[in-house]
There are 2 protein chains.
Amino acid sequence: MLSNKLQLFLCCILLSPLVLAAADGSQLWLRYDKVTAAEAGRRQIRSTSSGPVALMAKAELDDYWRGPAVELVIDKKKREYGEGYQIKWTGSGLQILAQQDRGLLYGAYHLLRLQGEGKDLRGVDLTEIPAYDIRILNHWDNLDGTIERGYAGRSLWKWLELPTQISPRYAAYARANASIGINAVVLNNVNASPDILRPDYLLKVKALADIFRPYGIQVYLSINFSSPKIIGGVKDSDPLNPDVSTWWKNKVKEIYRTIPDFGGFLVKANSEGQPGPQDYGRTHADGANMLADALKPYDGLVMWRAFVYNPTTEDRAKQAYQEFVPLDGKFSENVIIQIKNGPIDFQPREPFNPLFGALRKSSEMVEFQITQEYLGFSNHLVYLAPLFKETLDSDTYSDGKGSTIAKLTDGTLRPAKKTAISAVANIGEDTNWTGHHFAQANWYAFGRLAWDHQLSSEQIAEEWISLTFSREEQLVHAVKEIMMTSREAVVNYMMPLGLHHIFAFDHHYGPEPWGDRKGGRADWMPWYYHNADTVGMGFDRTASGSDAVSQYFPPLDEIYGDITSCPDSLLLWFHHVSWTHRMKSGRTMWEELCYRYDAGVQQVRELQKAWDRLEHQVDSQRFAAVQSKLKIQAKDAVWWKDACLLYFKTFARQPIPYDIERPVHELEDLKKIKLNLIHHN
Amino acid sequence: MLSNKLQLFLCCILLSPLVLAAADGSQLWLRYDKVTAAEAGRRQIRSTSSGPVALMAKAELDDYWRGPAVELVIDKKKREYGEGYQIKWTGSGLQILAQQDRGLLYGAYHLLRLQGEGKDLRGVDLTEIPAYDIRILNHWDNLDGTIERGYAGRSLWKWLELPTQISPRYAAYARANASIGINAVVLNNVNASPDILRPDYLLKVKALADIFRPYGIQVYLSINFSSPKIIGGVKDSDPLNPDVSTWWKNKVKEIYRTIPDFGGFLVKANSEGQPGPQDYGRTHADGANMLADALKPYDGLVMWRAFVYNPTTEDRAKQAYQEFVPLDGKFSENVIIQIKNGPIDFQPREPFNPLFGALRKSSEMVEFQITQEYLGFSNHLVYLAPLFKETLDSDTYSDGKGSTIAKLTDGTLRPAKKTAISAVANIGEDTNWTGHHFAQANWYAFGRLAWDHQLSSEQIAEEWISLTFSREEQLVHAVKEIMMTSREAVVNYMMPLGLHHIFAFDHHYGPEPWGDRKGGRADWMPWYYHNADTVGMGFDRTASGSDAVSQYFPPLDEIYGDITSCPDSLLLWFHHVSWTHRMKSGRTMWEELCYRYDAGVQQVRELQKAWDRLEHQVDSQRFAAVQSKLKIQAKDAVWWKDACLLYFKTFARQPIPYDIERPVHELEDLKKIKLNLIHHN
């Protein structure tokens, strides 16, 4: 009998999903062991609130908290806390004080994080108040289960199974978001199917909303502006047509009947082929306000995307500004203009979008992209907190020095009904959620910065590493170095010095600076952006060119507009620069370009070395997975370098400096590479 | 009219094959411009001999010599000159003095070489006597036009066209050989078709021999030992069967009737499936002597290959020695035993073959391989003079200290009827003859070393570079550095520390240390050679292993047999060495292995840099061709390094030292690579 029992025991250990899960990344940064019954007996966790979100806070502590007694207390008078909280050492235990139940939940996750980091909590007294009211993930998930620009498998949302079949991952997803303060999600792609508003789909959405609610998460939907015509039987979708606005009012009423805490709509209109108010000669404001009217009775919001551009002769980088600035003051109070961080499209590096600060009477929010559409998909390790911070900390000078994008959007400089920050998610059905183990850090970093944009990239990395891998000091340091190097590395090996959008057509994975398609839109062609010729390279956006610099407030217009003051990192963004132009380094532009590309390659090789050194400090499963991805990244970096240098060399007509590692590819061979990557999931 | 003339002139320049040829490598090292009629008028070239070879010498000087008057003089009494010559400044001109017409021809090419190198010839007085009587290329060309281990296109010999249609390349080939002193060629593959001895083929051979004769080149043939049975209608091919020896005698008579200066036979017998005397229970001596008897009346020779081994339990490296040493003294005077430089098979590095010096009463000759079967085909730049020299300068100690292989085979230590040296050619129908422009240097180097094995690799490189590219000092130095590095580079990235034969099956291009085939011969499997296990790696050829060391003369048997005295470069050839064995560098064996592979990769990258620096000093056509090949080599070096280190790591169970550039491949992906390279032309 003993022997049988022993066998059973061993069998359980070997087959236990908990044991296996430890190394597959499925637990994300929430690698907490459940407390034993004995541990639970030694501890007290009490809550003065019994709402579902407060109960969730208590349940999480019940399951995972190993410290002293914790008291969850609601104080309705602390209005300044919003969704924030105070954590205080009471002498014998801890108290989480909040104004709302969500504050208790975020406080509980904060406690667990501090426990995970191994912090001593005696004497603690901290108060945390989120920077933004709405901290929202945008999923570009299609109803057919694919994800636009998704690199972690197919969509988490199983629309065919919903609402009757409920995946356990829905709750796990909501929990992960809540643990980093994310309180809202847009479930579907901005290139939206009208079907999402059909009654049967709304029931599926409701099923998800019901699961997300105890985690403090509100659901939003992307809508197709032509829905009234397509699924409503209305003659058209003209926002000034009373039948159209009536249809939307009825639809919104139906939604709120189904999902009482529904958040609102995200709209991509008159952009890249999507329908919109301009189809009927109306403005973006006409369209947004019509929807806002329908949502207003329920406190719902419209997030209206400023990502609009047309294949005109005007510089694409200028068009959103030109479109929206004249409409400033015309948007309803519950409309927020959602603006991509840069004026083009989620490039490895862009200057900030000049719309930030330019709209003085309209609410603005940032749209980041966590999914790595232009950053090597889920193959490349790129820690994005530095990119996010670079935008948020950018000083627009709109209201004088110190008018950072963070302050313009978080309510500091421009009071707003609701402040918000968004990012396109990188989440799919892969076991590790994000395809690359390190891509989890970008989800984490977005949540943490949406909560507190003053956190440093290093701090966030340290937290994430401690929770996700180990809090062993040397490992934390080494992994942090990897993460902190990674963004400059990718800029270097893909698009240094302000180069942008020289990606392969459509899939945006590899380099294609030579890219061209007969009859294609100029603004989708790499040559449109790099403008390489025998004189030099870069997009002249000075007064003598497209004059995009004039969209920036002084003194930025002059700083960017003057080749001597424009930062190296944005030089080819704003200037057409001669190959022989002398850079700050003393090198010519061509030489500098070569050294940057080479530096990118060498940096990735250093990332490989640094990771390999951790072989015995990281579980073998995640170690091998990351090691394997880094190999791809190292090969891709060489591919990028060779492709760009060999191609631009045909214009520069100068040798690649001879102390630089030589190309190993032939340009003609690289031109033949055609990846079949139209669908990414 | 003037305009038309100008057009015509430009047209001629643009279309002139001479101008184009300048950069395609077709001229090899013979890039001499023909003298103009005016130049020819200012010069006198006279010859006392009017034999066809002497006339060829005069014709070459007539065409290309720009210096003072030259007198070609035969002095029959100077027997010690053999095929050598004296070049002497007479006060007003130059005299080439020789005992035979061939001496005049070699002297003429020497003059042209000195002119090409830009040497001042006033006061010159030099005497050159070739080290070997027979300086022979072995072509492994098949009658169907393919070449075994040929990487420069198909065979030069157009058997279908011969004897009626004569390619101008036959004479160009003979001239190139003559210019470096090569005086004999074996036309066909050692895996010989019996058809070569059919009367119609002998007429084709005669056509070639007639073209080669004025260049002082004799023709030899590889024969199939079963020819009497297969094409002669004899019952068998038993060398002791009188019908067989009669058949051969008649066949030889027929050959000499057709080709009076025919050289003799090269024989691969009882080796890798070829027929031979052992098929009838006879010895190699029985077989060789039977053929030697037939050839003797005509002063013909038998070159009998010692490259024999069988899939027994005996170490392959020992078998040739075991087979031939007991036969020492049994071979006829006109038999030379042709021995590959190493005991296995033309590896990037081998110790010398212990048969050298072990046969005391038999003539021995070296067989080198110019074609790069195991050295990256015609894709890798590998200058082979250092490899050839390494063998020739090896001290066997057979007759005491100083018994180098050069001295054992050139007649110094062992008087011989005829001395000889051979190498497997790398020549095909490619425009540049050898596939890689730098592979021309290996053909050149073999010829030069066959003439004078005391030349240094550097001297030969300098000559070849000056003639082939430019005599500009800085360029000569830079290219010489590239060439001199290249052999150690290939050893490092393919098989450092004495590793050998871990190539992919059959085609021998890429790495396949994991290679194995069910039912295949053990001695064709990489594991047979590397013997990697958890303890260590290498072939134990000490007394406790196969005892191959005992085939070497003292003190080499002890030096090689003792792990502390065995040179690093041969360590894994002679020893099974623990992964943790401390090397002379202070590193463990595993670490040293890693550093060597990495060094190989870095060395190739340096070759790339060095070559690219010459971009404006080398014509663009050859520059680009070599640059392109170096890219392949650089990628292949990484492939080799990754494959070998990732595979051996599974045994060593230790990390690749972390300061070394990390692998970019997955072992499992590398294992899937199957190149379709069975036929190489």
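Residues numbered from 1 in each chain as written. Chains lettered and ligands numbered in written order. Predicted model: local features only at pLDDT ≥ 70, side-chain atom pairs only at ≥ 80, totals over all residues. Heavy atoms only, no water.

## Details of the packing of helix H12 (residues 385-392) of chain B against helix H14 (residues 440-451) of chain B
Residue and element names in this part refer to chain B.
Link 1 in the chain: The geometry of H12 relative to H14 is characterised by a closest axis approach of 9 Å and an angle of 30 degrees between their N-to-C directions. When the axis of H12 is compared with that of H14, the two are roughly parallel. In this structure, H12 crosses over H14, and the sense of that crossing is right-handed. For the pair H12 and H14, the contacting residues are Ala 385, Phe 388 and Lys 389 in the first and Asn 442, Ala 445, Phe 446 and Leu 449 in the second.
Link 2 in the chain: Looking at the contact of H12 with H14, its residues break down into five nonpolar, one polar and one charged. (Axes fitted to C-alpha atoms, helices over the stretch in contact; angles between N-to-C directions. Helix = DSSP H or I, 4+ residues; strand = E, 2+ residues; numbered from the N terminus. Parallel < 35°, antiparallel > 145°, perpendicular 65-115°, else oblique. Left-handed = near helix turned anticlockwise from the far one by under 90°. Contact = heavy atoms within 4.5 Å. Nonpolar A, V, L, I, M, F, W, Y, C, P; charged D, E, K, R; others polar.)

## Section: the relation of the copies chain A and chain B
Link 1 in the chain: In screw terms, the move from chain A to chain B is a rotation of 180 degrees and a rise of 0.1 Å along the axis, fitting with an RMSD of 0.0 Å. These values place the two chain copies in the arrangement generated by a two-fold rotation axis. Using C-alpha coordinates, one finds that chain A approaches the rotation axis most closely at Lys 635 of chain A, a distance of 5.4 Å.
Link 2 in the chain: Of all interface residues in chain A, 100% are interface residues in chain B too; the two copies therefore contact each other through one and the same surface. (Least-squares fit on C-alpha atoms with pLDDT ≥ 70 in both.)

## What about the interface of chain A and chain B?
Reports often express the size of an interface as the amount of accessible area lost when the parts come together.
Link 1 in the chain: Taken together, the contacts link 23 residues of chain A with 23 residues of chain B.
Link 2 in the chain: Counting the contacts that link chain A with chain B gives eight salt bridges.
Link 3 in the chain: For the salt bridge of Arg 605 of chain B with Glu 661 of chain A, the shortest nitrogen-to-oxygen distance reads 3.3 Å.
Link 4 in the chain: Elements with a contribution of two residues or more to the side of chain A that touches chain B: helix H20 (589-612) and helix H21 (620-652) of chain A. (Salt bridge = Lys/Arg side-chain N within 4 Å of Asp/Glu carboxyl O.)

## What about the sheet that holds strand S3 (residues 85-89) of chain A?
Residues and elements named next belong to chain A.
Link 1 in the chain: Reading across the sheet, the five strands line up as S1-S2-S4-S3-S5 and stay open at both edges, with mixed pairing between neighbours. Both outer strands of the open sheet, strand S1 (45-47) and strand S5 (125-128), are each paired with one neighbouring strand and no more. Strand-to-strand, the axes of this sheet are offset by a mean angle of 15 degrees, without reference to chain direction.
Link 2 in the chain: Bridging between S3 and S5 involves four bridges; their strand directions are antiparallel. Bridging from a neighbouring strand, Gln 86 pairs with Thr 127 of S5. (Pairing = 2+ DSSP bridges.)

## Thoughts on the sheet that holds strand S10 (residues 301-305) of chain B
Residue and element names in this part refer to chain B.
Link 1 in the chain: Strand order in the closed barrel made by the eight strands is S6-S7-S8-S9-S10-S11-S12-S13, with parallel pairing throughout. Mean inter-strand twist for the sheet, computed between neighbouring axes without regard to direction, equals 25 degrees.
Link 2 in the chain: Its contacts with the sheet place helix H10 (residues 284-295) against strand S8 (218-223), strand S9 (264-267), S10 and strand S11 (335-340), and it is angled at close to 160 degrees to S10.
Link 3 in the chain: Together, strand S6 (134-138), strand S12 (363-369) and strand S13 (420-424) form the strand contacts of H14, whose direction differs from that of S6 by roughly 155 degrees.

## A word on the packing of aromatic side chains
Link 1 in the chain: Here the structure, examined in full by the defined rule, presents 86 aromatic pairs over all chains.
Link 2 in the chain: Between Tyr 106 of chain B and Trp 451 of chain B, the ring centres sit 5.1 Å apart and the planes meet at 70 degrees, which makes this aromatic pair edge-to-face. With Tyr 106 of chain B in helix H5 (residues 101-117) and Trp 451 of chain B in helix H14, the pair connects residues that are 345 residues apart, well separated along the chain.
Link 3 in the chain: Take Tyr 106 of chain B: its relative accessible area is 4%, and that puts it in the buried class.
Link 4 in the chain: One Lys or Arg, Arg 169 of chain A, reaches over the ring of Trp 433 of chain A and ends 4.0 Å from the middle of that ring.
Link 5 in the chain: Across from the ring centre of Phe 307 of chain A, 3.2 Å away, lies the NZ or CZ of Lys 340 of chain A, which sits over that ring. (Phe/Tyr/Trp six-rings, centres within 6.5 Å; stacked < 30°, edge-to-face > 60°. Buried < 20%, exposed > 50% of the residue type's maximum accessible area, 1.4 Å probe, protein only. Lys NZ or Arg CZ within 6 Å of the ring centre and 35° of its normal.)

## Some remarks on the environment of Arg 169 of chain A
All names here are of chain A.
Link 1 in the chain: Of note, Arg 169 is situated in helix H6 (residues 168-179).
Link 2 in the chain: Sequence spacing of Arg 169 and Leu 467 is 298 residues, and the spatial spacing of their C-alpha atoms is 20 Å.
Link 3 in the chain: Dropping the residues within four chain positions of it, Arg 169 is found in contact with Leu 156, Gly 428, Glu 429, Asp 430, Thr 431 and Trp 433.
Link 4 in the chain: At a separation of 3.4 Å, a polar atom in the side chain of Arg 169 contacts the main-chain carbonyl oxygen of Thr 431. (Polar contact = N/O pair within 3.5 Å; in protein donor to acceptor, adjacent residues only side chain to side chain.)

## Overview of the UniProt feature "domain: Glycosyl hydrolase family 67 C-terminal" (unreviewed entry) in chain A
Link 1 in the chain: UniProt's feature table lists "domain: Glycosyl hydrolase family 67 C-terminal" (unreviewed entry) at residues 434-659 of chain A, given in the numbering used throughout.
Link 2 in the chain: In residues 434-659 of chain A, the share of helix is 52% and the share of strand is 2%. The end C-alpha atoms are 38 Å apart. (UniProt positions renumbered as here; feature names shortened; annotations may be inferred.)

## A few points about helix H10 (residues 284-295) of chain A
Residues and elements named next belong to chain A.
Link 1 in the chain: Under the 1.5 Å per step criterion, the end-to-end length of H10 is 17 Å for 12 residues, consistent within 8% with the ideal 16 Å.
Link 2 in the chain: Burial analysis of H10 places 10 of its 12 residues in the buried class, which makes it a mostly covered element.
Link 3 in the chain: Inspection of H10 places His 284, Ala 285, Gly 287, Ala 288, Asn 289, Met 290, Leu 291, Ala 292, Ala 294 and Leu 295 among the buried residues, and these make up the whole buried set.
Link 4 in the chain: Those residues of H10 hidden inside the fold are in contact with strand S8 (218-223), helix H9 (242-258), strand S9 (264-267), strand S10 (301-305), helix H11 (316-324) and strand S11 (335-340).
Link 5 in the chain: Sitting at the head of H10, Thr 283 places a side-chain oxygen 3.2 Å from the backbone nitrogen of Ala 285. (Expected span 1.5 Å × (residues − 1).)

## Here we look at the domain arrangement of chain A
Residue and element names in this part refer to chain A.
Link 1 in the chain: Partitioning chain A into domains gives domain 1 (4-128), domain 2 (134-455) and domain 3 (491-539 + 576-671).
Link 2 in the chain: For domain 2 versus domain 3, the separation of C-alpha centres amounts to 31 Å.
Link 3 in the chain: Taken together, the contacts link 25 residues of domain 2 with 26 residues of domain 3.
Link 4 in the chain: When the area that domain 2 buries against domain 3 is broken down by residue, the three leading residues are Tyr 374, Asn 379 and His 380, summing to 23%.
Link 5 in the chain: Summed over the shared surface of domain 2 and domain 3, the result is 16 residue pairs in polar contact (both at pLDDT 80 or more). (Domains from an automatic or database assignment. Buried area = accessible area lost by both parts, 1.4 Å probe.)

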